[in-house]
Amino acid sequence: MKKIIFIEGLPNVGKTYLVNEIKKKNLQNVYVVDEIINQDIKNAFVDSEDKFLKNDEMKVNKYNDGIIIIDRGPISTLVYNQVLHLIDNNYDIRYVENWFKQFLNIYKNDNTYNYYLNNPGIYIPSLNDAKSPFGSVKNLKLTHEITIFNLNKYAKNYKIFDYNKTNLKELINEIIN
């Protein structure tokens, strides 16, 4: 049986740290899929949205059985592009919205879970660029709000988990059990 667990959250909240800790446990039938899974995508010089869309498709389809923990899923990609559209109305979101439709059944599946890691009131931009969804506190707040909206809209099973490294064991236990 395939159980998909998406780990979502803003930059610098600890998603990658969490998945790396799960990886270290080397649990049987538990597979961790990194945020970027293909070296060609990681090394691409052209910043094309298509490479991120392809990467999400590869992450979801990498394993056919077991507990599959995915560092960021298609909702993150959708949200990022929705925020880009709000920042720049000339940015055309339709392509990504149409692309996202292929995942609707996955998000409505009883065996798909979404954990949104939240560090309340903490917004740490990953770069300094007001034109990026991750480039300012204002944009991060907008990204947070739209992520919660999309989880409500698309995900059958989701939990917003106020996370810091002190409750890491609790979160890992909840995710893998």
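These figures come from a predicted structure and were not determined experimentally.

K.L.:
Looking at this structure, I do not really get the side chain of glutamate 21. What am I missing?
P.N.:
Secondary-structure assignment places glutamate 21 in helix H1 (residues 15–24). Ignoring sequence-local partners within four residues, the contact set of glutamate 21 consists of Leu168 and Ile172.

K.L.:
Is there a simple way to think about the sheet that holds strand S5 (residues 158–162) in this case?
P.N.:
Each strand in a sheet pairs with another by means of backbone hydrogen bonds, the pair being arranged parallel or else antiparallel. Pairing is parallel across the open sheet formed by five strands, whose spatial order is S2-S3-S1-S4-S5. Looking at strand neighbours, the two that pair on one side only are strand S2 (30–33) and S5, the edges of this open sheet. In this sheet, adjacent strand axes meet at a mean angle of 20 degrees when their direction is disregarded. In this structure, S2 lies alongside strand S3 (residues 66–71), joined through four bridges in parallel fashion. Of the residues in S3, the one forming a bridge with tyrosine 31 is isoleucine 68.

K.L.:
What is the right way to look at unusual backbone geometry in this model?
P.N.:
The bulk of non-glycine residues show a negative phi, and the bulk of peptide bonds are trans. A positive phi is found at asparagine 26, a non-glycine position, where the angle reads about 50 degrees. By the element assignment, asparagine 26 lies in the loop between H1 and S2. In the Ramachandran plot, arginine 72 falls in the positive-phi region, its phi being about 65 degrees despite a non-glycine side chain. Judged by its relative accessible area of 10%, arginine 72 is buried.

K.L.:
Would you explain the packing of helix H4 (residues 74–87) against helix H7 (residues 137–154) in this entry?
P.N.:
The relative placement of two packed helices is expressed as an angle between their axes plus a distance between the axes. In the contact formed by H4 and H7, the axes pass within 9 Å of each other and the chain directions differ by 130 degrees. Classified by the angle between their axes, H4 and H7 sit oblique to one another. Helix-helix and strand crossings are classified by hand; for H4 and H7 the assignment is right-handed. Along its contact with H4, which presents Ile75, Leu78, Val79, Gln82, Val83, Leu86 and Ile87, the element H7 presents Asn139, Leu142, Thr143, Ile146, Thr147, Asn150, Leu151 and Tyr154. Residues that form the contact of H4 with H7 fall into these classes: ten nonpolar, five polar and no charged.

What counts as what
- Residues numbered from 1 in each chain as written.
- Predicted model: local features only at pLDDT ≥ 70, side-chain atom pairs only at ≥ 80, totals over all residues.
- Heavy atoms only, no water.
- Helix = DSSP H or I, 4+ residues; strand = E, 2+ residues; numbered from the N terminus.
- Contact = heavy atoms within 4.5 Å.
- Pairing = 2+ DSSP bridges.
- Axes fitted to C-alpha atoms, helices over the stretch in contact; angles between N-to-C directions.
- Buried < 20%, exposed > 50% of the residue type's maximum accessible area, 1.4 Å probe, protein only.
- Parallel < 35°, antiparallel > 145°, perpendicular 65-115°, else oblique.
- Left-handed = near helix turned anticlockwise from the far one by under 90°.
- Nonpolar A, V, L, I, M, F, W, Y, C, P; charged D, E, K, R; others polar.

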